[in-house]
Amino acid sequence: MTQGLLTIDVGAVVRNWRRLCEIHSTGAVAAVLKANAYGLGAGPIGQALLAAGCRHFFVAQPREGISLRKLLGPGPMIAVLGGFRRAAEFDLTPVLNTLGDLRACSGPAILQVDTGMSRLGLDSSELASLAADPSPLEGVELLYIMTHLASADEADHPMNAVQADRFAEICLKLPRARRSFANSSGIFLGGRYASDLARPGCALYGINPTPGKPNPMEPVVRLDLPVLQLREIAAGQTVGYGGSWMSARPTRIATVAAGYADGLPRALGVGKLRGMLRGRWVPMVGRVSMDLMTFDVTEVPEADEGDLIELIGPSQDADALARLAGTIGYEVLTSLGNRYRRKYLPA
Ligand SMILES: *Cc1c(COP(=O)(O)O)cnc(C)c1O
């Protein structure tokens, strides 16, 4: 094997979704499948969640919605967060973000209002103009009014309560409709953040929605990289581009098959990242290159070519890897790319 192996536990995604349904028991729980289900595969994951009873899906872009509809068939709601004027043609539900979207829309839709993200959705001046002249709402069937939390991953952030207050206030001024509020982290903020439809993404995929506390979700992703070659180097010899790492002793180097072109950030840097080889931690040494990385496996003398070094798994999750590279688990997952052999463990 000369490619990394990315194992995606679809059963764990389904169990994570069920777990979120238990916590968000007063409303329904959708699944956010944008960016190919955070890089993990919208097809297999969407189909498994549909079979488990999920009836609401969100994607970011029209193309994602069109291909997901083909995979899931008619029935479940598939909403396009970024808006889509031709949604109805493709049996998709548009998220309306502007007054212009509202005017152009007839039929079922979700209306997004901005409560603090300042990104998408009607702002206070557009809402005031809608209150003065509600004609843009004519012909629109409001399935949900939705808003998005900016800081739900920081439970004590004052913005959370501000957004909950604003959302409640705005909804009272709009025609009566169901509400959609919490993302993954919002589900864990408690009852004020519950709504008719939660929209978790990251938590389904095993990313910790409660940073700083133990991860309540089951791990989903495992990444194993095969050792392509082993070599002995003398003390004082450098490894990799720029000769940025030098051995202090005779060292055994394992070169594995993945690099920054596979979503492993170059910023993982020297001396920070480790992998698990035959049950022992081995440090990465030298720079991450495009297709390759090198590990010091001196402490695992029985290591052999073809062995797998576990980079993401139960002992080092995507969040931990992300911290080493100065990013977040979301970015690690969505960057993993398509050069790995993918194995889907069935639900
Ligand atoms: C991405 C996204 C979500 C899901 O967020 P997570 O933090 O991954 O749970 C929910 N709502 C909107 C509007 C989003 O853009």
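As shown above, the structure is provided for reference.
Remember, predicted model here, so these are calculated numbers, not experimental data.

## What about the state of the cysteines?
Under the counting rule described, the total for this entry stands at zero disulfides. Counting only cysteine sulfurs, Cys54 is the nearest neighbor of Cys21, a cysteine outside any disulfide, at a range of 7.3 Å. Among the residues examined, Cys21 registers a relative accessible area of 24% and is labelled partly exposed. Given a relative accessible area of 1%, Cys54 falls into the buried group.

## Details of the site of the ligand
With respect to spatial proximity, 14 residues lie near the ligand, and among them Lys34, Tyr38, Ser184, Cys202 and Tyr330 are the closest. Taking Asn183, its side chain carries an N or O atom lying 3.2 Å from an oxygen atom of the ligand. For the ligand, a nitrogen atom lies 3.0 Å from a polar atom in the side chain of Arg199. Protein chains bury 93% of the 390 Å² of accessible surface belonging to the ligand in isolation.

## A short note on the pattern of salt bridges
The tally for this structure, following the rule as stated, stands at 15 salt bridges. Ionic pairing is found between Arg249 and Asp296, a salt bridge with its closest N-O pair at 3.3 Å. One end of the pair, Arg249, is in the loop between strand E13 (245–246) and strand E14 (251–256); the other, Asp296, is in strand E17 (residues 293–296), with 47 residues separating them in the sequence. Note on Asp296: relative accessible area 9%, which makes it buried. Notably, a salt bridge pairs Asp262 with Arg339, separated by 2.8 Å at the nearest N-O pair.

## Some words on helix H6 (residues 124–132)
Among the residues of H6, Glu126, Leu127 and Leu130 are the ones counted as buried. Viewed end-on, H6 has its buried residues packed into an arc of 100 degrees, placing them on one side of the element. Residues Ser124, Ala131 and Ala132 are exposed on H6 and point more than 90 degrees away from its buried face. Its buried side turned inward, H6 meets helix H5 (99–104) and helix H7 (158–173).

Analysis parameters
Residues numbered from 1 in each chain as written. Predicted model: local features only at pLDDT ≥ 70, side-chain atom pairs only at ≥ 80, totals over all residues. Heavy atoms only, no water. Disulfide = S-S within 2.5 Å. Buried < 20%, exposed > 50% of the residue type's maximum accessible area, 1.4 Å probe, protein only. Near = heavy atom within 4 Å. Polar contact = N/O pair within 3.5 Å; in protein donor to acceptor, adjacent residues only side chain to side chain. Areas by Shrake-Rupley, 256 points an atom, 1.4 Å probe, with all protein chains shown as cover. Salt bridge = Lys/Arg side-chain N within 4 Å of Asp/Glu carboxyl O. Helix = DSSP H or I, 4+ residues; strand = E, 2+ residues; numbered from the N terminus. Arc of directions from axis to C-beta. Contact = heavy atoms within 4.5 Å.

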